[in-house]
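Survey of secondary and tertiary structure
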Amino acid sequence: MRKEIKNLRQLLDSAVRSHRKHMTSLQSALTHTGQDAAPKRQPIPQTERMTQNSLEKGTIQTVPIGYISSCFSAKNGTPRQPTICGPSRATLQIRRSVFNNPEHSLIGLENYSHVWVVFLFHENGHLSYKAKVTPPRLNGQKVGVYSTRSPHRPNALGLTLAKLDKVAGDTLHLSEVDMIAGTPVLDIKPFIPDYDSPLHRPNVDSDKSGLQPEGTTCAECVGSDFVAPSPCTDNAQLALEVEGKDGGHGQSADPRLLNRKEKSNVLSPGDASSTSVPEALGKDLSTVLEELSAFISQGNDHLNLGSSSRESQASDGRKAKPLKQEEDGAKPCYGEEAYSTIAGWIREPPVTSLEVRFTPQAERDLGVFLGPDSAEPPGCNQPRFKFLRGPKEAASAIQGILAADPRSVYRRSRCVDRLFFFTLDTADITCWFGPGFAEVLQVKPLAV
């Protein structure tokens, strides 16, 4: 009873705050409505003036450009992040109330592989929010709401990166989604790695990245005054320039090459202890080129971390080995961390991944389903998926969802011995959780 009373008080407080905000907005709107506009030849319409005032204050009225049609029909069992369930699919049709020709708004979008989708968390249930939240991956620990992707936020906006499979007229076909059916979409933007990914941005801070800015070389490998020779320059020509000669005309040498001469300790031909200049330069150039190629290969390995290596490191929770230890006691510079950093609990959460099992009955139930394009045998009324392409893809989607443990913190601690139900496409799935595993008990067609 104490907990229920506490919850009721919190709901009452949030309702009072929401009411105050609504009253403030109404008073502001009435104030602007009551003001008399200055006499003009072409007075601005009241609705346009209200829109301008709202935009200046950051208050806008959103209009969905479309609604998601997804393989997830309810919040329960929907993945919290798009990468959890790769086979998940959805479609988005642009509304004709937004554009007269909605297909025109998608021209050129087929050139991109991924899109950002801005949407509303329309099934939050209430508009209350708190400064601290308990993400399920933290298993009850509290952090600030803005350090998480919790749907309970002051502005219930969501952002997801979806894979764009194809564009057909006014409809987008998406995969790797984490949105349920009926989600209002506010905007879509193309994903451009050169702008959106730190790994593809030009490196301007060598202290943080562990690499030199573009156009410079590593001072540890070669001298800071080293100038790479042009491809058409040979060792003999370099020797003549270092000696202060150019074909016997006595022109002064390039000061940059003289600096290089001092760095590499190349002596003049008159010194008895010196070797010949071409020989010394040839030996020095070969050493420099070897060191330079080693540095470039290290930089390429640093920049082009393969997706497979990143996925393997993220899957088993291991971190990349440090490539460079920064000076002054700063933290080491890692492969991906050289460009961006994330909270440690993202890759090493207290909640570990689960092993997913299927009972023989569940495997038989799942094998009955047909894909959306499968030819149905004559005289057979088998269930059919709407988005998933067949039982194999459905099994992969179920494994991804259950391996990430879709239960809330409350269900993990208070409802351990209860069954867990969720829907995927046109299938109703029943499972239960044990220590370190999740087992699918049965898969039945969704009741219409």
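Residues numbered from 1 in each chain as written. Predicted model: local features only at pLDDT ≥ 70, side-chain atom pairs only at ≥ 80, totals over all residues. Heavy atoms only, no water.

Under the annotation held in an unreviewed UniProt entry, the protein chain carries the name tRNA (adenine(37)-N6)-methyltransferase and is attributed to Esox lucius. UniProt annotates the protein chain under Catalytic activity (unreviewed entry) with the comment "N(6)-L-threonylcarbamoyladenosine(37) in tRNA + S-adenosyl-L-methionine = N(6)-methyl,N(6)-L-threonylcarbamoyladenosine(37) in tRNA + S-adenosyl-L-homocysteine + H(+)". Per its UniProt entry, the protein chain bears the Sequence similarities (unreviewed entry) comment "Belongs to the tRNA methyltransferase O family." (UniProt positions renumbered as here; feature names shortened; annotations may be inferred.)

Examining the side chain of Asp-405
Examined against the element boundaries, Asp-405 turns out to sit in the loop between helix H11 (391–403) and helix H12 (409–414). We classify Asp-405 as buried; its relative accessible area is 3%. Within the local environment of Asp-405, its side chain forms a polar contact with the side chain of Arg-412, the two groups lying 3.3 Å apart. Discounting chain neighbours no more than four positions away, the residues touching Asp-405 are Arg-80, Val-351, Leu-354, Arg-412 and Phe-433. (Helix = DSSP H or I, 4+ residues; strand = E, 2+ residues; numbered from the N terminus. Buried < 20%, exposed > 50% of the residue type's maximum accessible area, 1.4 Å probe, protein only. Polar contact = N/O pair within 3.5 Å; in protein donor to acceptor, adjacent residues only side chain to side chain. Contact = heavy atoms within 4.5 Å.)

Here we look at the sheet that holds strand E11 (residues 427–434)
Strand order across the open sheet formed by four strands is E9-E12-E11-E10, with mixed pairing between neighbours. Each edge of the open sheet carries a strand with a single partner, namely strand E9 (355–358) and strand E10 (420–424). Across the sheet, the mean angle from the axis of one strand to that of its neighbour is 30°, orientation sign disregarded. Lying on the sheet, helix H10 (residues 360–367) is in contact with E9 and strand E12 (437–445); it crosses E12 at an angle near 40°. This element, H11, spans E9, E10, E11 and E12 of the sheet and lies at about 135° to E10. (Pairing = 2+ DSSP bridges. Axes fitted to C-alpha atoms, helices over the stretch in contact; angles between N-to-C directions.)

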